[in-house]
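The chain contents come next:
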Amino acid sequence: MSHPPMGRRERKKAATRQAIADAALRLFLERGYDEVGIREIADAADVSTTTLFKHFPVKEALVFDEDSGQEARLLAAVRERPEGQSIPAALREHALTTRVATADGDARFAAFTDLVASTPALRDYAQNMWLRHTAALARAIAEESGLAADDPICGALAYFALEAPRAAYAHDDPREAIVRAFDLLEHGWSHQPSGTRRR
């Protein structure tokens with residue numbers, strides 16, 4: 001369904017929001033998140049701090065655009081996965097393509113993910129944004145699995161699938177860490193290699 005074109009006022013608001021977000025990200029990447037103040041960002045975007053806060057209520061929000069399609073793409077990863085692919089495998093691929101930069105990927109995206117990974121306040125904010133999709137993802141998992149909508153294993157898989165990328169941020173190879181985390185979700189603890197195991 002096509003959407004009606006935005007009016008002049010809506011276009012101006014969207015342009016202002018984008019200018020603020022662009023200015024913030026540029027300054028954060030140049031000097032670091034903690035070294036940049038709100039007033040500096042407002043000045044760089046040629047707006048007042050009042051206008052800035054109308055678009056972005058907290059400093060962390062400056063780094064993340066409101067993406068209404070984020071949840072839709074997450075659910076599509078489950079519902080539209082290739083035939084024969086498991087749900088954990090589909091969620092692993094989604095995590096690898098949307099939440100971790102690749103060595104040969106977009107340089108700006110890599111810089112953005114590095115900024116988030118190296119800034120605790122941004123890591124926490126980003127994770128809270130992802131976790132708000134837990135209930136919707138759990139419902140999609142239940143539908144695809146033929147289980148009850150309130151089945152606790154669907155909620156658990158949804159939560160841990162969304163949480164796994166944050167656990168991987170601290171590792172030297174986040175991609176490998178995510179793959180191993182989803183291997184655990186796919187196969188369970190009993191299939192994990194162990195040096196010494198109690199019988």
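Read on for a plain summary of the structure.

Within the chain one finds 10 helices and 0 strands. Counting helices and strands in the order they occur from the N terminus, the chain gives α-α-α-α-α-α-α-α-α-α. Expressed as a percentage of its 199 residues, the buried residues of the chain come to 36%. Of all intrachain contacts in the chain linking residues separated by at least 6 positions in sequence, the fraction that spans at least 24 positions is 64%.

It is worth spelling out helix α8 (residues 134-145) at this point. Taking 1.5 Å per residue, 12 residues should reach 16 Å; α8 reaches 16 Å between its end C-alpha atoms and fits that length. Buried residues of α8: Thr134, Ala136, Leu137, Ala138, Ala140, Ile141 and Ala142, and no others. As for α8, its buried residues are in contact with α4 (69-79), α5 (87-98), α7 (120-131) and α9 (152-168). Phi turns positive, to about 70 degrees, at Gly146, one or two residues after α8.

On to the packing of helix α6 (residues 107-117) against α7. The N-to-C vectors of α6 and α7 enclose an angle of 105 degrees; their axes lie 6 Å apart at closest approach. The angle between the axes of α6 and α7 places the two elements in the roughly perpendicular class. Judged by residue contacts, Leu115, Val116 and Ala117 of α6 engage Leu122, Arg123 and Ala126 from α7. In terms of residue class, the contact of α6 with α7 is made up of 5 nonpolar, no polar and 1 charged.

Let's shift gears to the layout of surface pockets. Within this model, the largest pocket holds a volume of roughly 630 Å³. Around the largest pocket, the lining comprises 23 residues; the ones closest to its centre are Val63, Phe64, Gln70, Phe109 and Phe112. Put simply, the parts of the chain that give the lining of the largest pocket at least two residues each are α1 (8-31), α4, α5, α6 and α7. If one sorts the elements of the lining of the largest pocket by residue count, α6 sits on top with 5 residues. In the lining of the largest pocket, the residues fall into 12 nonpolar, 5 polar and 6 charged.

Here we take up the packing of aromatic side chains. Applying the stated rule across the entire model yields 4 aromatic pairs. Seen in terms of ring centroids, Phe28 and Tyr33 are 4.9 Å apart; in terms of plane orientation they differ by 55 degrees. Their pairing is tilted. Since its relative accessible area comes to 5%, Tyr33 is described here as buried. Between Tyr159 and Phe160, the ring centres sit 5.5 Å apart and the planes meet at 80 degrees, which makes this aromatic pair edge-to-face. Of the aromatic side chains, those joined through ring pairs into one cluster are Phe64, Phe112 and Tyr125. Lying over the aromatic face of Tyr33, Lys59 brings its terminal NZ or CZ to 4.3 Å of the ring centre.

What counts and what doesn't
Residues numbered from 1 in each chain as written. Predicted model: local features only at pLDDT ≥ 70, side-chain atom pairs only at ≥ 80, totals over all residues. Heavy atoms only, no water. Helix = DSSP H or I, 4+ residues; strand = E, 2+ residues; numbered from the N terminus. Buried < 20%, exposed > 50% of the residue type's maximum accessible area, 1.4 Å probe, protein only. Contact = heavy atoms within 4.5 Å. Expected span 1.5 Å × (residues − 1). Axes fitted to C-alpha atoms, helices over the stretch in contact; angles between N-to-C directions. Parallel < 35°, antiparallel > 145°, perpendicular 65-115°, else oblique. Nonpolar A, V, L, I, M, F, W, Y, C, P; charged D, E, K, R; others polar. 1 Å grid on protein atoms, 1.4 Å probe; cavity = no way out; pocket = protein on both sides within 12 Å on 5 of 7 lines; lining within 4 Å. Points joined across faces, edges and corners; volume = space filled by probe spheres on them. Phe/Tyr/Trp six-rings, centres within 6.5 Å; stacked < 30°, edge-to-face > 60°. Lys NZ or Arg CZ within 6 Å of the ring centre and 35° of its normal.

By themselves, these figures tell us nothing about what the structure is for.
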